[in-house]
Amino acid sequence: MREIAPLRILALRAVGPSGCQPELTFGGPPRKKKEDGDKIDTKKNNDIDESTKSSTDDRVDHPPPPPPDEPTITSRLLRSLRDSSMTVQPYVAGTTRANASDVDISQPWVMAIYPPRDTNDEDANNSPIDESTEFLTIENGNHAVACLQMFIDALVESGRAGDERLGVHFFREWVQAVTGGMDANIMPEQPQKRPKKRQKGNNNNHSSSGRQFDHLPLGSLSLHNLASASIHTFRSMEYANVGSCLGTLDLTGTHGLTDSILSQVICSGSFPRIQRLSLKNSRKLTGKAVANLVKLRDLRAVDVGGCFNIHPNDVIEMVQQHPGTNKGTLNEIYAGGLGWTDVALETLLSFTSKHLRGLGIGFSTYLSGPGLVLMLAKAAETLDRLSIPFCTGVDDAVVSALGKALPKLAVLDIRGCNKVSSLTGIMDGRIIAGNGGAEVAKHLFVLARYSGISNNSLEETSRLYRNEVGECIFDCVLDGGGTGGGCICCPYSTKRLTRQINGKCCERRERFSPGFPTFSKIHPSGQVVHCYHTNGLATERVAGITVGGDIHRNMQSKSSAPLPKWLFSCAVVWIAVNFITIISLQEHLSSLIESTLPTNAVGADVSDLKPASTSETSSPGSFHFDRKAAEAALQTHGHDEIFQPLRAYIEKPLNDTVPDTIDKGNLNEKRPKIEAGRPAMWYVPLPLRENTPGDLRVFEYGHKLRSCNDLPAKLPIDRGLGNHVAPNVNNRKTFSSGELDKWEEAKEGTPVQADPFLPWIHDMFPDSTGSVIHFVAQNKRRCNSGKVHWDDIHALEPQVTIMQPVSVKRIDEKTAQELAPSLWSDGKSSDQRYRLAPHEEADADGMFTRFICRFKAMDYSKSPPELISVGETLSTYPYNYEFVNYRKEVGDLSMLTPKGKDNAMFWQAQQRFDCPVPDNGDLRSMIASGEGVLSDGTPSVYVDFVPIRTAPRYGKQMSYFTPDMAGETIGFPQDTFGWGDLMKSNVVPANGKVVNDVSDDHPPRLMKNGFDARLFWGDSHVIPRIEASGRWENLPVCKPPANYVGKDDKALVEGDKPHKLAACLWASASFKTRGDAQAVSDTTSRLIEWVEFHLLVGFDHIYVYDNTGAHTDKVSLESTLFPRFLDSEVTRIDWPCRVCNNNIPAHENTGERSSQYAAENSCRARFGPTTEWMASFDTDEYLIPMGRFNSMREVVDDAANSGTQILTFKSTRAIPQRTYMEPFHKHKDCGTESDPGCLSVQPGHLFAEVYNCDFEASPKPGWAERAKKQLYRSEYVLAHYVHYATVTQGLVETIDEAKEANHRWDMHFRESRENDHVTDEINQAVMLHTKTTVPEYTTEWKERCAFGFKPAHGKNCRIGFPWPSNDDKGNEKVTPEGYGYNCFTNEKLSAFWLPKLRDAMEQRNTRVESLKTS
């Protein structure tokens, strides 16, 4: 990105010449008189070497924008830039800028006169001086930063502030100015790399923890009212590493700021040192944006006032979850205009009252006066600034009460409170509080414009309340004669004021750039000193005093004369004495003074981004992560010393059933519900698991999974390419027969067969907030079916059991020993313990759980680093699988049957489990930012995943719900399986102990029927210690999924989600079809065309799950996809796990394409939260916009407007047209070279062109829905399985939620056609299924395609002869060669889309070739 010439001039001036003369720094060097013929070459730069020359020769220097007509400070700055003759010097990364070493830009104080005068300009010296436009400034710290900030203000004021002017180079200059050249590790300006490559090597990520930048000073940056700010503005800040030294960021009125920008850039870890953040009046922000603020760990003050899409509850939840709340550092919250109530304010103060210093809750019409006083009194010890403008409940009585309740108050904003007529009450209250022994602030500053306070009332109050030397102890800004212009009551004695300003005690304020004065004092010189807070530091500006609205200077000053020493000395003394006071009182007032009055806020829905539950074992605020120390430890000790290998601890099966009591059912009966068998009898209550650590078998996978760079590809899912001992087609080998060894499988492949309570994990990753770890798994029980595999299927029942929630209660070690003394204990540890407990006794976060999640992190403060526990939580489900099963059918339905014919319930194939991350110090923010993953991919955080083991539940009558889910009584329409008596006749007392459900010692059951937890678990089933439990150990916690947005697509970042439309694709360079029927090797060419086409029709992003590694280790899709496509267009995920069963669906051992289903599950879980519409397709399926639609984005927008949640596309088979085929003989069934019997597709044609020949005309028949594909809204569809939306929001709706929404709820849920809409294939969109026709499928084509041929089964013609004009009703039936017409073409595809596709592919080819030669 090129910067305009004035910016480069300004950046160089900001460094300044030797001696740092303010006149030259801000005004430029003296202008030389031009001789005839002289020209100024603004492009010449002799310092640029040849390597840089090519990149600068074509740079166009645009003229600076003309200044505004009014003589403002910013207009003078612009005029100075316009008139400058300084040679333009472009920024060159890594070079030393001219005279940078000659200037001490860290000098403590700089005095300058604005505007600067050119002493060498004779005309200027002779011209009269307009002193009313000049003022003297005393600035703290770095005037280079102030100059850059003034440039921003100038651009904003002139309306010329575009992304090209505020780009990477500009923000690099800002960093240079703030740091004074100290190393800030500035990132190069280049696109982000793909996730896998970005993790490799020594990568200093710009989103690292702020600790590594602690040596750098903090600066402030204001983009106030920069309406043109977009994602590019903030990306430029990110690439320039502004976050390394940014402490205060003002985004007030930045209307281009969206939730996605805030979450992906500002809160992504790139700005770790932000302490003060203003988002005021950024009205596109919602509660999701507020939730992301928890990632800014150093945040001390936040302003979201006027963001009317944010609800007070959003602010409350953020503050409650923010680590700064526990630490007491987040102590200023400004949220006016959100509609606060007494209840909301009470909730906020319940956890902030002990440290809250600043609070803004203005424009709240629902706040009562008494409630306000009562609630705010809780913060009396700390609250010193309060903003309650335009609160109708505030009157004189309330203000008086606040004076007494809040004696430390130093700043009060009561603008618009027209019921307040005097400040006498509040001052009386402060005196009463002081007399009672309370500490009272020495001075009070009040903003009271538009209030009921009059000048006379204010003068009367000022006479009454003075300190011991006669000084007024408050300041008050009033309405200037009803105009809104501010008048300030001067703080010193009336006598002095009379002498200085002729009896007037008010001064009209001018709005000076870069900021509005936030506080005023009388300087010892007699001048009024306006105190600003700029660049994170206090600033004082001396100005003239107003008399009758005209500005007069009492101190004449000319730039040619030296500044008076007494003035400089007084200023320094004054600043030294008052610096701390100014900092504490003034930092936020600039954000309180609003340039416009916001309208009353409208409440918004609470964000659906809820914080994770925190277990009682967490230690909030105790964990600290230091990235610099971590990298140092890595260099010192190496990867192997730090990395913790993944392990599986195998526990023996439960002793929960009576041997030989199971009824297998009729294994020859294919219908799953008929003769399904009967479960084995259970021992009740569930026997204790009396394991010791020595009873567990351990398998380690550190040789496979070495770092986060290996995820998810190297998870122990299977044995890997070339190591499989059982085929995935026609497999008859089993573990029960001894042909397969489960221990060998655990060692070389996965431990799930050895311990089926362990999830078969295919992927894991944290969410973007770092508050949850998501696990994506598959139900391994579905890999085989049929009587040959029954024993293995029965052994894998726990794979279904872990989908059924249990409830637990936390107990301590002592209670655990009392309840279950036989369980193993080390006798030392006091770790958290748990027992199975019914819903009525369970902990709130233990009502529906299944795993204990123990989090561990590396302590890099030790040498060598040590692994420490950082908390435990209980797992959650994304939805209740058992409840889903309950609502799937009218009749009885069981999640599993003894017969094992459960494959029809495909919604149980995919599994997801979540582990909430403990709210412990830096833990969540470190995970969210990815900082815990070191430069070589070594993780710093691990999680142990410990299953809670119980017997499975069968049928709907054993459903385990609470009354809000399906009512107080679970309905059972019919007893399909004959299991209605299972909880009575199928139980056997263990040791003669059965807990009676009806007892005075126990609370009543929440449900009147359903699963009897007390009967099955008893009162004392304590879960073994983690060390004695089977588990996954050291699962690495890596980075959240990356989401890419195109640089030039602003539309993608304007909504709530970065992507409107994305596709998931499971693909391989080569593979075999079901049943190994045919080998397919055209995927790479298909993939290029498919991706290009779908990007062309409006898809934002394609996620490719590359399964090539399951078939070959010679190639992958990496070289096919990149660099042809951009990272912002395509993401590749290495996915080498094998399909566990590739049989055809009609096989006795029904196929289960586990790798494909897990990939779709992963894609939905990883990228669904950032995508509005998504789908999973194959490379032979094309979605074509039809009718008036020229983009699939338009199609989904139209669907969304009509309330559609799912778009269904019918699927029929297309065949290749004869026109694009040639003879083929290189197959045993395809004849000879002289007499070829088959056809193959000619090279050089597009697949969409060749296969534009569908057997069925549109609209397609109803049977075509059997193989349908779907586009769906990711927020509505919670799980999708190839062709079907298996779990939706409608399905998981509870009876209480239905009542609240005032609509009917039935046990059986069926998706409505309003939600699931079949596309209009003529006027909306259609799917073309171009499945490859291999040459051997065309054998005997001449006979089979001849007109009148009657084919036997499987002998159809597979060559296409399109109907003329797509008319199959006319008289023309036969081609001139005698072949029958048999297919229909898509005319819009031929005439409109195919030409566009060719052009797009040609442009892409040109780009690729240019990359090869460059």
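Up top you'll find the structure we're talking about.
Summarised in this report is the structure supplied together with it. No experiment lies behind these values; they were computed from the predicted model shown.

Topic: the overall build of the protein chain
Next, step 1: For the protein chain, the helix and strand inventory stands at 40 helices and 46 strands.
Next, step 2: Relative to all contacts within the protein chain whose residues are 6 or more apart in sequence, the contacts with residues 24 or more apart total 78%.
Next, step 3: As presented, the protein chain carries roughly 56,400 Å² of accessible surface, and 49% of it is formed by carbon and sulfur atoms.

Concerning the pairing of strand E25 (residues 833-836)
Within a regular beta strand, the side chains point alternately toward one face of the sheet and then the other, so they alternate between its two faces.
Next, step 1: Burial of E25 is two-sided: the residues Arg 833 and Arg 835 facing one way and the residues Tyr 834 and Leu 836 facing the other way are all buried.
Next, step 2: The pairing of strand E24 (residues 808-811) with E25 spans 4 bridges and is antiparallel. Of the residues in E25, the one forming a bridge with Arg 810 is Tyr 834.

A closer look at the sheet that holds strand E45 (residues 1316-1318)
Next, step 1: The strand order E36-E35-E32-E37-E42-E39-E45 describes an open sheet built from 7 strands, whose pairing is mixed. With one partner strand each, in any of the chains shown, strand E36 (1130-1134) and E45 form the two edges of the open sheet. Within the sheet, the average angular offset between the axes of one strand and its neighbour, ignoring direction, is 20°.
Next, step 2: Where strand E39 (residues 1206-1209) and E45 come together, 3 bridges link them in parallel fashion. Within the sheet, the bridge partner assigned to Thr 1208 lies in E45 and is Val 1318.
Next, step 3: Sitting on the sheet, helix H36 (residues 1192-1201) is in contact with strand E32 (1059-1067), strand E37 (1171-1177), E39 and strand E42 (1269-1273), with an inclination near 115° to E32.

Some details on the sheet that holds strand E28 (residues 910-916)
Next, step 1: Strands sit in the order E22-E23-E28 across an open sheet of 3 strands; the sheet is antiparallel. Because the sheet does not close on itself, it has two edges, and the strands there are strand E22 (760-766) and E28. The average angle at which neighbouring strand axes cross in this sheet is 20°, direction not considered.
Next, step 2: With 7 bridges joining them, strand E23 (residues 772-778) and E28 adopt antiparallel strand pairing. In the sheet register, Val 772 faces E28, and the bridge partner there is Pro 916.
Next, step 3: Against the sheet, helix H35 (residues 1154-1167) makes contact with E22, E23 and E28, and its axis sits at roughly 160° relative to E23, the strand it touches most.

Regarding unusual backbone geometry
Next, step 1: Omega for the bond connecting Leu 711 with Pro 712 falls within 30 degrees of zero, at -5°, which places this linkage in the cis form.
Next, step 2: Among the secondary structure elements, Pro 712 is positioned in the loop between strand E21 (697-700) and helix H24 (742-748).
Next, step 3: Geometrically, the link from Phe 1122 to Pro 1123 is a cis peptide bond, its omega value of 5° lying close to zero.
Next, step 4: Take Pro 1123: it is sitting in the loop between helix H34 (1118-1121) and E36.
Next, step 5: Its identity as a non-glycine residue notwithstanding, Asn 1366 has a phi of 55°, on the positive side.
Next, step 6: Along the chain, the position of Asn 1366 falls in the loop between helix H39 (1341-1344) and helix H40 (1387-1413).
Next, step 7: For Asn 1366, a relative accessible area of 23% puts it in the partly exposed group.

Here we look at the state of the cysteines
Next, step 1: Inspection of the entire model under this criterion finds 7 disulfides.
Next, step 2: Paired by a disulfide, Cys 1064 and Cys 1163 hold their sulfur atoms 2.0 Å apart. Of note, the bridge from Cys 1064 to Cys 1163 carries an S-S torsion of about -80° and is left-handed in sense. Here Cys 1064 is found in strand E32, whereas its partner Cys 1163 is found in helix H35, with 99 residues between them in sequence. Across the pair, Cys 1163 and Cys 1064 agree in class, each one buried.

Considerations on the packing of helix H16 (residues 396-405) against helix H17 (residues 424-435)
Next, step 1: Between H16 and H17, the shortest axis-to-axis distance is 7 Å and the interhelical angle comes to 25°. The angle between H16 and H17 falls in the class roughly parallel. Of the two elements, H16 crosses H17, and the hand of that crossing is right-handed. Residues Val 399, Ser 400, Gly 403 and Lys 404 of H16 touch H17, and the partners they reach there are Gly 425, Ile 426, Gly 429, Arg 430, Ile 432 and Ala 433.

As for helix H22 (residues 627-637)
Next, step 1: For H22, the full list of buried residues reads Arg 627, Ala 630, Glu 631, Ala 633 and Leu 634. Burial along H22 is one-sided: seen end-on, the buried residues are contained in an arc of 155°. Of the residues in H22, the exposed ones pointing more than 90 degrees away from the buried face are Lys 628, Gln 635 and Thr 636.
Next, step 2: Looking at the buried residues of H22, the elements they touch are helix H23 (639-642).
Next, step 3: With a side-chain oxygen positioned 3.0 Å from the backbone nitrogen of Lys 628, the residue opening H22 is Asp 626.
Next, step 4: Remark: Gly 638 follows H22 within two positions and exhibits a positive phi of approximately 85°.

Topic: the environment of Leu 402
Next, step 1: Tracing the chain through its elements places Leu 402 in helix H16.
Next, step 2: A relative accessible area of 1% means that Leu 402 is categorised as buried.
Next, step 3: With 23 residues separating them along the chain, Leu 402 and Gly 425 place their C-alpha atoms 9.1 Å apart.
Next, step 4: Sequence-distant contacts of Leu 402, that is, excluding residues within four places in its chain, are made with Val 373, Leu 376, Leu 386 and Ile 388.

Topic: the environment of Glu 1181
Next, step 1: Tracing the backbone through its elements, the reader meets Glu 1181 in strand E38 (residues 1181-1185).
Next, step 2: Accessibility expressed as a relative area gives 2% for Glu 1181, which makes it buried.
Next, step 3: Sequence separation of Glu 1181 and His 1329 is 148 residues, and the distance between their C-alpha atoms is 4.6 Å.
Next, step 4: If near-sequence neighbours (up to four positions away) are discounted, Glu 1181 is found in contact with Trp 1090, His 1094, Lys 1269, Met 1327, Leu 1328 and His 1329.
Next, step 5: Engagement of the side chain of Glu 1181 in a polar contact is seen with the side chain of Lys 1269, the distance being 2.7 Å.

Observations regarding the nonpolar core
Next, step 1: Counting residues in hydrophobic clusters, the biggest one holds 116 residues, and the most contacted among them are Phe 775 and Phe 945.
Next, step 2: Considering each element in turn, this core owes the most residues, 6 residues, to strand E26 (residues 851-859).
Next, step 3: Residue contacts for Phe 775: discarding those within four places in its chain leaves Ile 761, Asp 763, Met 764, Gln 911, Arg 912, Phe 913, Asp 914, Cys 915, Val 943, Phe 945 and Leu 1035.

A look at a negative patch on the surface
Next, step 1: Judged by side-chain charge, Asp 964, Asp 1296, Glu 1297 and Glu 1300 come together as a negatively charged surface patch.
Next, step 2: Assignment of secondary structure puts Glu 1297 in helix H38 (residues 1295-1301).

What counts, and where the lines are drawn
Residues numbered from 1 in each chain as written. Predicted model: local features only at pLDDT ≥ 70, side-chain atom pairs only at ≥ 80, totals over all residues. Heavy atoms only, no water. Helix = DSSP H or I, 4+ residues; strand = E, 2+ residues; numbered from the N terminus. Contact = heavy atoms within 4.5 Å. Areas by Shrake-Rupley, 256 points an atom, 1.4 Å probe, with all protein chains shown as cover. Buried < 20%, exposed > 50% of the residue type's maximum accessible area, 1.4 Å probe, protein only. Pairing = 2+ DSSP bridges. Axes fitted to C-alpha atoms, helices over the stretch in contact; angles between N-to-C directions. Disulfide = S-S within 2.5 Å. Parallel < 35°, antiparallel > 145°, perpendicular 65-115°, else oblique. Left-handed = near helix turned anticlockwise from the far one by under 90°. Arc of directions from axis to C-beta. Polar contact = N/O pair within 3.5 Å; in protein donor to acceptor, adjacent residues only side chain to side chain. Core = buried A, V, L, I, M, F, W, Y, C linked by side-chain atoms within 4.5 Å. Patch = residues over 30% accessible without salt bridge, like charges linked within 9 Å, V, L, I, M, F, W, Y side chains within 5 Å. Salt bridge = Lys/Arg side-chain N within 4 Å of Asp/Glu carboxyl O. Lys, Arg positive; Asp, Glu negative; His and termini not counted. Charge placed at Lys NZ, Arg CZ, Asp CG, Glu CD.

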